[in-house]
Amino acid sequence: MSWHRGTLVGFDLETTGTDVETDRIVTAALVRLEPDGTVAEQRTWLLDPGVAIPEQASAIHGIGTDHARKHGARAASAVEEIARAVSEVLRSDVPLVVMNARYDLSLLDRECRRYGLPSVEDRVGGAPSPVIDPLVIDKHVDKYRKGKRALQALCDHYGVTLDGAHDATADAVAAVRVVRRMGERHRPVGTLPPAELHALQIRAAAEQSASLQAYLRRSADPAAVVEPSWPVIPRGR
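Bear in mind that the values here come from a model prediction, so they are computed numbers and not experimental data.

1. Concerning unusual backbone geometry
Between Ser 129 and the following residue, Pro 130, the backbone shows a cis peptide bond with an omega angle of 0°. Relative to the helices and strands, Pro 130 resides in the loop between helix 5 (120-124) and strand 6 (131-132). A cis amide bond links Trp 230 with the next residue in sequence, Pro 231, at an omega value of 5°. Within the secondary structure, Pro 231 is located in the segment after helix 10 (194-219). A positive phi angle, near 70°, is found at Asp 93, a position not held by glycine. Here Asp 93 lies in the loop between helix 3 (75-91) and strand 5 (96-97). By relative accessible area, Asp 93 is classed as exposed at 58%.

Written as structure tokens, this is what we have:
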């Protein structure tokens, strides 16, 4: 059976910013969708990240510092729960769908390191796999399409409703529904076994980064460097 016709689990984070080395998790969601599209199981977390949440980030996901401090779980214990839950999915061989996995999975890795916890890589004995990233796949199958590639834009393009953008649960569900449409529409991708699709995305993400880096060096910054690793940026980069 093609991967897009089976069970998939969506994962999403909302955070304090966009730097995987310094920013923190504010909310997280892990949502299991069955082949018929129904949500069979979901887990959500609200964290007190231990730092002030910038107003710019709060404006996006709606969680302010005071709310997180009052209602959020202690960051270290919540990160442990999130990493354990993600690892359990990966060990079950159910594909993990993560929009822009390079960011979310790298940030989770750094949060584990911050609190002295085993990373997902430590827990599963290697790089997280199989992961399916709508962003990487869309750029691979539709390289020259104009316009944005954010989750809302992908939902619009593939005919998926996104209610409550930047809510971790809503984004996780939408990411799964988008990759299912991709698998249906783009048969070479839709017919690959999950392990082969994961390997394809490693190559595709590196090629996409190289292309963007070359463009930036020609047009804006001769010294621009775009991270090629996927789905986790190695520590120390």
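Right, picking up where we left off after that structure.
2. Re the sheet that holds strand 4 (residues 73-74)
A sheet is described by the order of its strands in space; here six strands give the open sequence 4-3-2-1-5-6, paired in mixed fashion. Strands at the two margins of the open sheet, each flanked by one partner only, are strand 4 and strand 6. As paired strands, strand 2 (residues 25-33) and strand 3 (residues 39-48) are joined by seven bridges and run antiparallel to one another. Within strand 3, the position partnered with Ala 28 by the bridge is Trp 45. In this fold helix 3 packs onto strand 1 (8-15), strand 2, strand 3, strand 4 and strand 5, with an angle of close to 155° to the strand it touches most, strand 3. Against the sheet, helix 4 (residues 101-114) engages strand 1, strand 2, strand 5 and strand 6, with an angle of about 70° to strand 1.

3. What about the UniProt feature "domain: Exonuclease" (unreviewed entry) in the protein chain?
Mapped onto the present numbering, the UniProt feature "domain: Exonuclease" (unreviewed entry) falls at residues 7-188. Within the segment residues 7-188, helix and strand shares are 47% and 18% respectively, and the terminal C-alpha atoms sit 19 Å apart.

4. Focus: the nonpolar core
Formed by 66 residues in total, the largest nonpolar core has its most connected members in Phe 11, Leu 30, Val 86, Leu 96 and Leu 108. If you look at the next biggest cluster of nonpolar residues, it comprises five residues, including Ile 53, Ala 57, Ile 63 and Ala 68.

5. Some words on the pairing of strand 1
Of all eight residues that make up strand 1, eight are buried, and the element is covered over most of its length. Of the two faces of strand 1, both are covered, the one formed by Leu 8, Gly 10, Asp 12 and Glu 14 as well as the one formed by Val 9, Phe 11, Leu 13 and Thr 15. Two elements, strand 1 and strand 2, share eight bridges in a ladder whose sense is antiparallel. When the bridges of strand 2 are listed, Val 9 appears paired with Arg 32. As defined by bridge partners, strand 1 adjoins strand 5 across two bridges and the pair is classed as parallel. Its bridge partner being in strand 5, Gly 10 is matched across the sheet by Val 97.

6. Some details on the side chain of Asp 171
Within the secondary structure layout, Asp 171 lies in helix 8 (residues 168-185). Despite being buried, Asp 171 has no salt bridge partner; Arg 177 is the closest side chain of opposite charge, sitting 11 Å away. Residues contacting Asp 171, with those up to four places away along its chain left out, are Asp 12, Glu 14, Leu 151, Leu 162, Gly 164, Ala 165 and His 166.

7. Section: the environment of Met 182
For Met 182, the location among the structural elements is in helix 8. For Met 182, a relative accessible area of 1% puts it in the buried group. Distance in space between the C-alpha atoms of Met 182 and Glu 196 is 16 Å, their sequence separation being 14 residues. Met 182 has contacts with Pro 134, Ile 137, Asp 138, Leu 154 and Tyr 158, leaving out every residue within four places of it along the chain.

8. Quick word on the side chain of Ser 58
You can see Ser 58 is positioned in helix 1 (residues 55-61). Judged by relative accessible area, Ser 58 falls into the buried class, the value being 17%. In this structure the side chain of Ser 58 is engaged in a polar contact, spanning 2.8 Å, whose partner is the backbone oxygen of Ile 63.

The rules behind each value
Residues numbered from 1 in each chain as written. Predicted model: local features only at pLDDT ≥ 70, side-chain atom pairs only at ≥ 80, totals over all residues. Heavy atoms only, no water. Helix = DSSP H or I, 4+ residues; strand = E, 2+ residues; numbered from the N terminus. Buried < 20%, exposed > 50% of the residue type's maximum accessible area, 1.4 Å probe, protein only. Pairing = 2+ DSSP bridges. Contact = heavy atoms within 4.5 Å. Axes fitted to C-alpha atoms, helices over the stretch in contact; angles between N-to-C directions. UniProt positions renumbered as here; feature names shortened; annotations may be inferred. Core = buried A, V, L, I, M, F, W, Y, C linked by side-chain atoms within 4.5 Å. Lys, Arg positive; Asp, Glu negative; His and termini not counted. Salt bridge = Lys/Arg side-chain N within 4 Å of Asp/Glu carboxyl O. Polar contact = N/O pair within 3.5 Å; in protein donor to acceptor, adjacent residues only side chain to side chain.

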